[in-house]
Amino acid sequence: MDFLEKYRECFEEYDRMPHDFIDDDKIWEQLNKWENPTKEDVRRVLKKAEQCIRLEPEETAILIQNKDEETLQEMFSLAHSLKEEVYGNRMVFFAPLYISDECANNCKYCGFRSDNASIHRKTLTPEEIEQEVRIMIEEGQKRTVLVYGESPATGIDFICDTVNQVYNVKSEHGEIRRANINCAPLSVEELKQLKSVGIGTYQVFQETYHHETYRKMHPAGTIKGHYRWRLYVMDRAQKAGVDDCGLGVLFGLYDWRFEIMGLLYHTIHLEETFGGVGPHTISFPRINPATDTPFSEHPEYAVSDSDFKKLVAILRLSIPYTGLICTARESVEMRKEVVPFGVSQIDAGTRIGVGAYAQSKCANQMPNKEQFSIGDTRSLDDVVREMGEMDFIPSFCTACYRAGRTGEHFMKVAKSKFVRNYCVPNAILTLKEYLLDYASEETKQVGNEVLKKQVEQFKGKPVYDKILENLSRIEQGERDLRL
Ligand code: SAM
Ligand code: SF4
């Protein structure tokens, strides 16, 4: 069967819809209406954001269009405190694992696009997957996101097999406890299959919400060329029972202000359609240069560093209960700057070539096997230490997902600010494991200070004794304890 053919009927169904939930003209009207908001307009919105309530599009438009330095600082500072309030001062760590760069699509910005003859195509064998995962585990990773191109050879059966292979690798100290997925949009049946192998979050980035730009970036005649097939993938995921969904935009394809509105409309659509369940995470990658991919060198709508900081804070304020992921595409300096404005997850020790964990010590050393080049090539140990120095608790926790706290349940927990009470103790326990099993002496020192300070904060609370008991059990060799 033709590769495109398998989704033909679904495509036709989407084509018949008179419109979708992204109205380009309306978004621009809202942005134009608030082109010059006053300090009072901004402060009115911040007052609402303070209550951790998801903002409405016009309110977000006000924040987006705000250029006043004084109220911008107020936005940054509120974003910081909302992050602390909803997520505590944890920083969750993960690393990507690229399984295959075979791709039938031809996205203008991506090193894996089918036209790119410079890329050495590779799909990991089961033995190679085991080797990659073993190295990741030995570096201290507990969470991964598995990344795939879109090709007939790497369809749903292949994806499910690889998820099983990843979970089956056990090393002396540990295992991957949560495998998220970043792959092409799937059908409801395929998503049900994916759910059955126990994935964490299912991520699909819309890339751009702007219809015309989407068409320009993704040639017709490819699966990715179908805007609505991608736009409605999280609806299909919810129908299939995959309720932890990760949205994202590739910043640089179109005006960042429009894209933030697109993410917000997508969130509202999911909340309205699925009983209040919005996205579990939002990613906001900026385009990085990719081998022999001219578009990626000079994207037309490249986002400046100052706009980037602003957009992260706006996401935090507008969609307060959703995790924000800042990847190693960003430089060390930029990550350090934006992390306090609301980021809840980062990757570290990242290698993005297919087979790269076994072949090189850090990223950007295999350009003809990597999707793009990254900005932060430090080891996991270095980034864990830095986060500790910045007063974050590095966390490797996977408890919620394994206790079934996903989707609707997770949203309620997060919304009602209970995340801190579950997650901070579990972050403490997983940091303890990391320090004992993998950390350098320098990182141990910083990490132990963090632990001491964090544990102190629970003194007098019911959970305090439980934390102490679990810490001592971990010291005696037990692993994978959680509240
Ligand atoms: N192939 C699948 C897809 O396109 O949805 C999933 C994996 S793709 C490898 C993951 C994401 O990488 C894409 O959704 C896109 O946002 C991002 N990406 C592609 N090219 C990039 C570039 N040059 N710089 C930064 N991110 C890029
Ligand atoms: Fe393929 Fe994804 Fe790259 Fe597009 S972004 S060319 S679909 S790997």
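Residues numbered from 1 in each chain as written. Chains lettered and ligands numbered in written order. Predicted model: local features only at pLDDT ≥ 70, side-chain atom pairs only at ≥ 80, totals over all residues. Heavy atoms only, no water.

For the chain, an unreviewed UniProt entry supplies the name [FeFe] hydrogenase H-cluster radical SAM maturase HydG and the organism Sinanaerobacter chloroacetimidivorans.

### Examining the overall build of the chain
Scanning the chain for helices and strands turns up 22 helices and nine strands. Taken over the C-alpha trace, the chain has a radius of gyration of 22 Å; the compact-globule value for 483 residues is 23 Å, and the two agree within 12%. Referenced to the eigenvectors of the C-alpha coordinate spread, the extents of the chain come out at roughly 60 × 60 × 40 Å. Burial analysis of the chain (483 residues in total) assigns 63% to the buried set. (Helix = DSSP H or I, 4+ residues; strand = E, 2+ residues; numbered from the N terminus. Rg over C-alpha atoms; globule rule 2.2 N^0.38 Å. Buried < 20%, exposed > 50% of the residue type's maximum accessible area, 1.4 Å probe, protein only.)

### Observations concerning the site of ligand 1
Every one of the 18 residues lining ligand 1 counts as a neighbour, but Glu-207, Lys-224, Arg-230, Asn-288 and Gln-371 are closest to it. Between ligand 1 and the protein, one listed contact pairs a nitrogen atom with a backbone N or O atom of Tyr-148 at 3.0 Å. Arg-329 has a polar side-chain atom sitting 2.9 Å from a nitrogen atom of ligand 1. With the chains in place, 96% of the 560 Å² that ligand 1 exposes on its own is no longer accessible. (Near = heavy atom within 4 Å. Polar contact = N/O pair within 3.5 Å; in protein donor to acceptor, adjacent residues only side chain to side chain. Areas by Shrake-Rupley, 256 points an atom, 1.4 Å probe, with all protein chains shown as cover.)

### What about the side chain of Lys-224?
As for its placement among the helices and strands, Lys-224 is situated in the loop between α9 (211-217) and α10 (227-231). Overall, the relative accessible area of 10% leaves Lys-224 in the buried class. For Lys-224, the side chain forms a polar contact with the side chain of Glu-207, separated by 2.7 Å.

### Structural notes on the domain arrangement of the chain
According to the domain assignment, the chain consists of domain 1 (5-21 + 82-415) and domain 2 (420-475). Across the contact, 30 residues belong to domain 1 and 21 residues belong to domain 2. On the domain 1 side of the interface with domain 2, the three residues burying the most area are Asp-381, Arg-385 and Ile-393, jointly 25% of the side's total. Between the two partners, domain 1 and domain 2, sit three salt bridges. Here Arg-385 ties to Glu-442 by a salt bridge, and the two come within 3.8 Å at their closest N and O atoms. Counting every contact that joins domain 1 to domain 2 gives eight residue pairs in polar contact (both at pLDDT 80 or more). Elements with a minimum of two residues in the side of domain 1 that touches domain 2: α5 (69-87), α6 (126-139), α17 (380-389) and β9 (393-395). The biggest single contributor to the side of domain 1 that touches domain 2 is α17, with six residues. The residue inventory of the side of domain 1 that touches domain 2, partitioned by class, reads 11 nonpolar, seven polar and 12 charged. (Domains from an automatic or database assignment. Contact = heavy atoms within 4.5 Å. Buried area = accessible area lost by both parts, 1.4 Å probe. Salt bridge = Lys/Arg side-chain N within 4 Å of Asp/Glu carboxyl O. Nonpolar A, V, L, I, M, F, W, Y, C, P; charged D, E, K, R; others polar.)

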